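# Survey of secondary and tertiary structure
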Amino acid sequence: MFADIQEGVRQKFRQAIHDLFSLQVDAPTLGFPPSPEMGEISITSCFDLAKQLRQPPRKIAGQVVDRLLPLAGVERATIAGPGYINLHLDRAAVAADVFLRRSSRRQPRPLDAVKVLVEHTSINPNKAAHIGHLRNAVLGDTLARLLRFRGWPVEVQNYIDNTGVQVADVVVGFMALEKKTVQDLRHLIADQSGERFDYVCWDLYARVSQHYGDHPEEAALRLATLKALEDGEGEAAEMATLISTTITRSHIATAERLNVRYDLLVQESEILRLEFWKSAFELMKKSQAIRLEDSGKNSGCWVMDLQEQVPDADEGANGEDVKVIVRSNGTVTYVGKDIAYHLWKFALLGKDFGYERFHRYPDGAELWRTAVHGEPNAPAFGHGGHAYAVIDTRQSYLQDVVRRAFLALGYAEQAANLRHFAYEVVGLSPRCAKDLGVGLGEEDRSYVEVSGRKGVGIKADDLIDTLFVRALEEVRSRDTVSGEEEQVACARQIAVGALRYFLLKYTRRTLIAFDFKDALAFEGETGPYLQYSVVRARNIFRKFREAHPGYISAALPEADLHQYLAAGHGQPFWDLVLLASQLEMAVEQAISTEEPAALAKYCFRLAQAFNNFYHHHRILQEPDPARQNFLLFLTHTVAETLTQALDLLGIQVPDRM
RNA sequence: GCGCCUGUAGCUCAGUUGGAUAGAGCGGCAGACUUCGAAUCUGUAGGUCGGGGGUUCGAAUCCCUCCAGGCGCGCCA
């Protein structure tokens, strides 16, 4: 609602400026007056126009104001200070609309037929997932939810590098260090009594990394193993498939605990077997995006120029800026494969994968993965119009190489629709590292890097388990939730809520120094606080229905809304309605700035406002039935808004807590 | 050396893309439970927005320059 009014204001303003001064201007950026009594939307554009029009801003504002109305949802417009235009909304209309919107939970109208692809998680399938991977998964999953809410068709992909060195290292670990055969491995995986397979690999991977460090002469074995995986032949390849598939399943399970799902697993093995690179290579050669270097240190390599194609570039020959795409031995580098994958995302490769079913979610939704020979009636994957890649900020350089490759190939439009959703990594707080027995290395650093290679990190499932136990203690310490099963279900939701909110409340560029004290907090700006707010609202309705069986929240007459939301006594109520009406705006902002934290903050503000309201009004004791009805209307509106907003963060609300 | 990111209250972080009086959580202090359960709420203390210039009617936000951190820059992935 609020977002629609904003859009209306923008258009009307442009029209007004056009009519008054025959001037085409950009849509004005809208702000908020400093105090709610001054209105809900402010326009500051008259200041910008002052110079151009040679008129004082206040005078311009005076002329514009008359032409802004009538406008749906806006009651009146005023001029303030040296030239601000403030709009006062039609409170009753806004309240009625928000109530309706939140009650019906109607599907958003489709924005476009173009599909948006979101690639996230993409963990190397050679060890258990850790806290850093969770940030990626939760950010990506939330982004996907936001886009769907906005009306985009979304496809979530998870890239599985099942033929890379990380898997190869674990294969070497089992074969060379542990002297295990494929059969041994099968038994180890099937044996439920021992340690989890992904945890075994976690330790083994660290050991292998250490081993290579101590024995540089083993590098040949490493390369040979990698080659075997790429060719898909021999026992090593068989082991790799076993390892990567098993571990991918555990990653999927871990993600599912956090309400994170995927539509498709894209495996590197198929990129190799189906020769995706070959097609990409041809394209790049044909369009001269890459060239064969015949001298210098990169002699024999196919390289891509990274220098900007601007004529006035400095003549400085200080080291040519190129990136090797194909090595002198003819093999393709990591970016090369990534370029091929991204070309496929936009259906620019002229090739497609086969697909097979991999996993079925409890509600019947299916997760597919790529295959050389797929099932005949597989859905159509790929063919995206936009593609987000959720990858940590350290890979910005390589993501930029992919983008430049698109430009060099002449795909400017697709390059613009290729979004690297970059985020900072998760580190460990010094205290946390100390608890894990990890040395701080250098003296006083504010965080310690997570490293799969060194086995340093908090395993995702351990963290979720710890949160669950803490939540269960908390649930049991109150007697609001009865029954073992309910308590467990409640504790699960709280654990997930705490973790997802913790990972989402920081903006992307903020490095999270993980600390149990913060992550396990259930008070203040936390997931459980948000969940609790909704539970409080639900408790009111539960209790109310005891005296009024079958009560359903219903819309209120405009006259009542008008009365209760009026300036003065109604201001606090209106503030709450207004905030609830801004959900769509918050989502829009979260998408356009690629900042899910914006929605997390919005949820918190709404919960805070509601808790304040809750504290000031004893709704069930309200003697005036009409007023009580209004308070229930308000409670319902806010609780539903918060529930939907939390759903976008992937956070569910327990029945009681 | 080059490139990108960051610096806001004791701590951890927001700050609606340049607007009106810089906010929140935690921690500190002082208060509020007769069940719509306090996983809550209220009040209070606390800030030269890293420093210095500049642009502008107006700057935490844009530009320049220092200072201090972080991350990238492989024929690794």
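That block above? That's the structure.
Since the structure is predicted, the reported quantities are computational estimates derived from the model, not experimental observations.

Calculation rules
Residues numbered from 1 in each chain as written. Chains lettered and ligands numbered in written order. Predicted model: local features only at pLDDT ≥ 70, side-chain atom pairs only at ≥ 80, totals over all residues. Heavy atoms only, no water. Phe/Tyr/Trp six-rings, centres within 6.5 Å; stacked < 30°, edge-to-face > 60°. Helix = DSSP H or I, 4+ residues; strand = E, 2+ residues; numbered from the N terminus. Buried < 20%, exposed > 50% of the residue type's maximum accessible area, 1.4 Å probe, protein only. Lys NZ or Arg CZ within 6 Å of the ring centre and 35° of its normal. 1 Å grid on protein atoms, 1.4 Å probe; cavity = no way out; pocket = protein on both sides within 12 Å on 5 of 7 lines; lining within 4 Å. Points joined across faces, edges and corners; volume = space filled by probe spheres on them. Nonpolar A, V, L, I, M, F, W, Y, C, P; charged D, E, K, R; others polar. Pairing = 2+ DSSP bridges. Domains from an automatic or database assignment. Near = heavy atom within 4 Å. Polar contact = N/O pair within 3.5 Å; in protein donor to acceptor, adjacent residues only side chain to side chain. Salt bridge = Lys/Arg side-chain N within 4 Å of Asp/Glu carboxyl O. Axes fitted to C-alpha atoms, helices over the stretch in contact; angles between N-to-C directions. Parallel < 35°, antiparallel > 145°, perpendicular 65-115°, else oblique. Left-handed = near helix turned anticlockwise from the far one by under 90°. Contact = heavy atoms within 4.5 Å.

### A few points about the packing of aromatic side chains
All told, the structure shown has 27 aromatic pairs when counted by the stated rule. With centroids separated by 4.8 Å and ring planes inclined at 55°, the aromatic side chains of Tyr-355 and Phe-381 adopt a geometry described as tilted. Taken together, the residues span a long stretch of sequence, with Tyr-355 in strand 11 (residues 354-360) and Phe-381 in the loop between strand 12 (366-371) and strand 13 (384-392) at a distance of 26 residues. Taken individually, Tyr-355 and Phe-381 each receive the classification buried, so the pair is uniform in this respect. Each member of the aromatic cluster is reached from another via a ring pair, and the members are Phe-99, Tyr-564, Phe-573, Phe-610, Phe-613, Tyr-614, Phe-630 and Phe-633. The ring centre of Tyr-341 lies 4.6 Å from the NZ or CZ of Lys-345, which sits over that ring.

### Thoughts on empty space enclosed by the protein
Within this structure, the stated rule accounts for one cavity of 30 Å³ or more. Volume-wise, the largest cavity comes out at about 60 Å³. Thr-121, Ile-123, Ala-129, His-133, Leu-134, Ala-137, His-251, Thr-254, Ala-255 and Tyr-262 are the residues that line the largest cavity. Residue classes in the lining of the largest cavity are distributed as six nonpolar, four polar and no charged.

### Examining the pairing of strand 5 (residues 115-119)
Burial of strand 5 is extensive: five of the five residues sit out of reach of the surface. Residues of strand 5 alternate between two faces, with Lys-115, Leu-117 and Glu-119 on one and Val-116 and Val-118 on the opposite face, all of them buried. Summarising the sheet, strand 5 and strand 13 pair through five bridges and their orientation is parallel. Directly across from Val-118, in strand 13, lies its bridge partner Tyr-388. Alignment of strand 5 against strand 6 (residues 154-160), held across four bridges, turns out to be parallel. Along strand 6, the bridge assignment pairs Leu-117 with Glu-155.

### Brief notes about the layout of surface pockets
By volume, the largest pocket amounts to about 1,400 Å³. For the largest pocket, the lining is made up of 47 residues, of which Asn-124, Asp-161, Gln-166, Tyr-334 and Gln-395 are closest to its centre. At the level of elements, helix 5 (131-150), strand 6, helix 6 (165-177), helix 9 (219-231), helix 13 (334-345), strand 13, helix 14 (396-408) and strand 15 (426-428) are the ones that each hand at least two residues to the lining of the largest pocket. Its residues placed into classes, the lining of the largest pocket shows 17 nonpolar, 17 polar and 13 charged. Reported here for the second largest pocket is a volume of approximately 1,200 Å³. Around the second largest pocket, the lining is made up of 31 residues, and of these Arg-101, Pro-108, Phe-149, Arg-150 and Glu-584 lie nearest the centre. Residues of the lining of the second largest pocket, tallied by class, amount to 12 nonpolar, five polar and 14 charged. Shared between two domains, the lining of the second largest pocket holds at least three residues of each, these being domain 1 (2-89) and domain 3 (527-648).

### Description of the protein's contact with RNA strand B
The environment of RNA strand B is formed by 63 residues, the closest being Phe-32, Arg-327, Arg-478, Thr-507 and His-617. Near the protein, within 4 Å, the atoms of RNA strand B are sugar or phosphate in 62% of cases. Between Tyr-334 and RNA strand B, the recorded distance is 3.2 Å, taken from a backbone N or O atom to a phosphate oxygen. Backbone polar atom of Gly-524 to a phosphate oxygen of RNA strand B: 3.1 Å apart, as the coordinates give it. Elements supplying a minimum of two residues to the surface near RNA strand B: helix 2 (45-53), strand 4 (84-89), helix 14, helix 20 (527-547) and helix 24 (597-616). Considered class by class, the residues forming the surface near RNA strand B number 29 nonpolar, 20 polar and 14 charged.

### A few points about the pattern of salt bridges
Scanning the model with the defined rule gives 44 salt bridges in all. Here Lys-345 ties to Glu-119 by a salt bridge, and the two come within 2.7 Å at their closest N and O atoms. Note that Lys-345 is positioned in helix 13 and Glu-119 in strand 5, a separation of 226 residues in sequence. Each member of the pair, Lys-345 as well as Glu-119, is classed as buried. Glu-594 serves as the salt-bridge partner of Arg-419, at 3.5 Å between the closest nitrogen and oxygen. Of the two residues, Arg-419 sits in strand 14 (residues 418-423) while Glu-594 sits in the loop between helix 23 (583-592) and helix 24, which places them 175 residues apart along the sequence. Relative accessible area serves as the criterion here: at 30%, Arg-419 is assigned to the partly exposed category. Classification of Glu-594 as buried rests on a relative accessible area of 12%.

### Points about the environment of Leu-428
Topologically, Leu-428 is positioned in strand 15. According to the relative accessible area criterion, Leu-428 is buried, its value standing at 0%. Sequence separation between Leu-428 and Phe-516 is 88 residues, and the spatial gap between their C-alpha atoms is 9.6 Å.

### Brief notes about the packing of helix 4 (residues 91-104) against helix 22 (residues 571-581)
It is the contact of helix 4 with helix 22, at a shortest axis distance of 10 Å, that shows an interaxial angle of 50°. Classified by the angle their axes make, helix 4 and helix 22 are oblique. Pair helix 4 / helix 22 crosses with left-handed handedness. Contacts from Arg-91, Val-94, Ala-95, Val-98 and Arg-102 in helix 4 reach Gln-571, Trp-574, Val-577, Ala-580 and Ser-581 in helix 22. Considering only residue class, the contact of helix 4 with helix 22 consists of six nonpolar, two polar and two charged.

### A closer look at the sheet that holds strand 5
Taken together, the seven strands give an open sheet; going across it, the order is 11-12-7-6-5-13-14, and neighbouring strands pair in mixed fashion. Each end of this open sheet is capped by a strand with a single partner; those strands are strand 11 and strand 14. Strand-to-strand, the axes of this sheet are offset by a mean angle of 25°, without reference to chain direction. Alignment of strand 7 (residues 264-267) against strand 12, held across two bridges, turns out to be parallel.

Scope: geometric values only; no functional claims are made or implied.
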